[in-house]
Structure formats: structure tokens, C-alpha cells
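The residues making up each chain are set out below.
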Amino acid sequence: MTTVFTTMPSPLGQLLLAGRADGDGPVALVSVTAPGQRGGPVEPAPDWLPDPAALAAAVEQLTAYFEGTRTSFDLPLDPEGSEFRRQVWKALDDIPYGGTVTYGELGAAAGLPPTAVRAVGGAVGANPLLVIRPCHRVVGASGALTGFAAGIDRKRWLLEHERGATLF
């Protein structure tokens with residue numbers, strides 16, 4: 001399999017998008033990262049190939065999201081992670097646009113016991129698909145904005161954007 005990439009401007013900074021091409025069908029998105037994001041690639045790996053056309057649908061959908069005309073994504077996804085992480089990441093997909101859930105609520109939605117809340121937080125923090133899988137919609141038990149790999153200011157921006165606030 002070949003990993004392809006492109007970049008795009010966004011209100012969060014220049015995003016790096018990477019996808020996996022297997023030659024049979026559309027490229028599956030494996031990561032979307034912002035500058036300075038913890039745990040994600042901020043530069044393409046040496047063996048990645050630039051291919052804006054292969055990731056054009058992802059760029060188009062993210063652009064529409066940032067313009068306020070898209071509230072969900074319809075893209076093939078193939079992030080790397082343990083079965084536990086994939087279970088938590090899948091539950092992120094069900095958080096409605098403009099809404100929030102706590103880490104405990106997300107764990108329950110993923111079918112996990114309340115004792116797994118710290119591990120759920122770890123999985124959310126390791127989400128490789130910034131914005132696409134809406135980890136920014138997960139908040140602390142008190143409703144406070146808590147950890148976000150791309151930074152709390154970006155998390156706040158995304159939540160305000162989804163609530164229709166005028167930001168600029």
C-alpha cells in the first residue's frame with residue numbers, strides 16, 4: 001500500500017492529510033493533523049507521495065465544514081489503532097454536530113464500563129483524524145474544555161464554530 005498526502009489551509013492552520021491507497025477504489029483517510037499537534041505527523045514521512053487529487057474529496061468536505069456548509073463527513077477511513085481505540089473512535093462518529101459529551105458518556109456509548117474512563121480519554125487523545133472524527137466534542141465531566149491534541153484554543157474554536165458563533 002502507498003501512503004499519499006496533501007495539505008490544505010484551514011482556520012486551525014495548515015492541515016496535513018494522509019491517506020492509504022491500495023489501487024482498488026478510493027483512498028482511505030488515515031490522518032488529519034494540525035501544526036504542533038501532539039502525537040500526529042506534522043510533516044509527511046519520506047516515503048509518502050504527494051497526491052492532492054487522491055485526497056480531493058477530503059479537502060472539499062473539510063473546506064465545506066470550515067465554511068459552515070457541512071456538518072458531517074462521508075469519507076473512507078482507515079486509521080491505525082488498537083481494537084479498543086477503534087471502538088472509542090467509532091463512538092466519536094455518533095456525537096452530533098454542535099453537541100458535546102463527557103468522556104464517561106462516550107465510554108458508555110462505546111459499550112465500556114465507567115472504570116475505563118481514563119483509557120477512553122487516552123484513546124480520544126490519540127485520535128488521528130482531527131475534525132473528521134470529532135474528538136473536539138468530548139469535554140470533562142464538569143463540562144470544562146479538557147485536553148485536545150491540537151490545543152485547547154483550537155478545541156474552543158471548533159466548538160464555537162459548530163454553535164454558529166462569529167469567530168473572525
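Model, not experiment: these values are computed from the prediction. (Residues numbered from 1 in each chain as written. Predicted model: local features only at pLDDT ≥ 70, side-chain atom pairs only at ≥ 80, totals over all residues. Heavy atoms only, no water.)

Chemist: Help me understand the side chain of Thr6, please; the structure alone is not making it clear to me.
Modeler: By the element assignment, Thr6 lies in strand S1 (residues 2–8). Classification of Thr6 as buried rests on a relative accessible area of 9%. Setting aside residues up to four positions removed in sequence, Thr6 forms contacts with Leu15, Leu16, Leu17, Pro52, Leu55 and Val59. (Helix = DSSP H or I, 4+ residues; strand = E, 2+ residues; numbered from the N terminus. Buried < 20%, exposed > 50% of the residue type's maximum accessible area, 1.4 Å probe, protein only. Contact = heavy atoms within 4.5 Å.)

Chemist: What is the right way to look at helix H4 (residues 117–125) in this model?
Modeler: Helical geometry: 3.6 residues make up each α-helical turn, so side chains three or four residues apart lie on a common side. Among all positions in H4, only Val120, Ala123 and Val124 are buried. Taken around the axis of H4, the buried residues stretch over an arc of 100 degrees, which confines them to a single face. Looking at the packing, one finds that the buried side of H4 touches helix H2 (83–92), helix H3 (103–109) and strand S6 (138–139). (Arc of directions from axis to C-beta.)

Chemist: Got a minute to help me understand the packing of aromatic side chains in this structure?
Modeler: The description of two aromatic rings rests on the distance between their centres and on the angle between their planes. Scanning all chains against the criterion turns up five aromatic pairs. Measuring from centroid to centroid gives 6.4 Å for Phe5 and Trp48, while their planes differ by 40 degrees, and the two rings are tilted. Pair noted here: Phe5 is in strand S1 and Trp48 is in the loop between strand S3 (28–33) and strand S4 (49–50), with a separation of 43 residues, a long-range link. For Phe5, a relative accessible area of 15% gives the class buried. Here Tyr65 and Tyr97 contribute two aromatic rings whose centre-to-centre distance is 6.2 Å and whose plane-to-plane angle is 85 degrees, an arrangement assigned as edge-to-face. With Tyr65 in helix H1 (residues 56–67) and Tyr97 in the loop between H2 and strand S5 (101–102), this pair connects stretches of sequence that are 32 residues apart. Taking the relative accessible area as the measure of exposure, Tyr65 reaches 0% and is therefore buried. (Phe/Tyr/Trp six-rings, centres within 6.5 Å; stacked < 30°, edge-to-face > 60°.)

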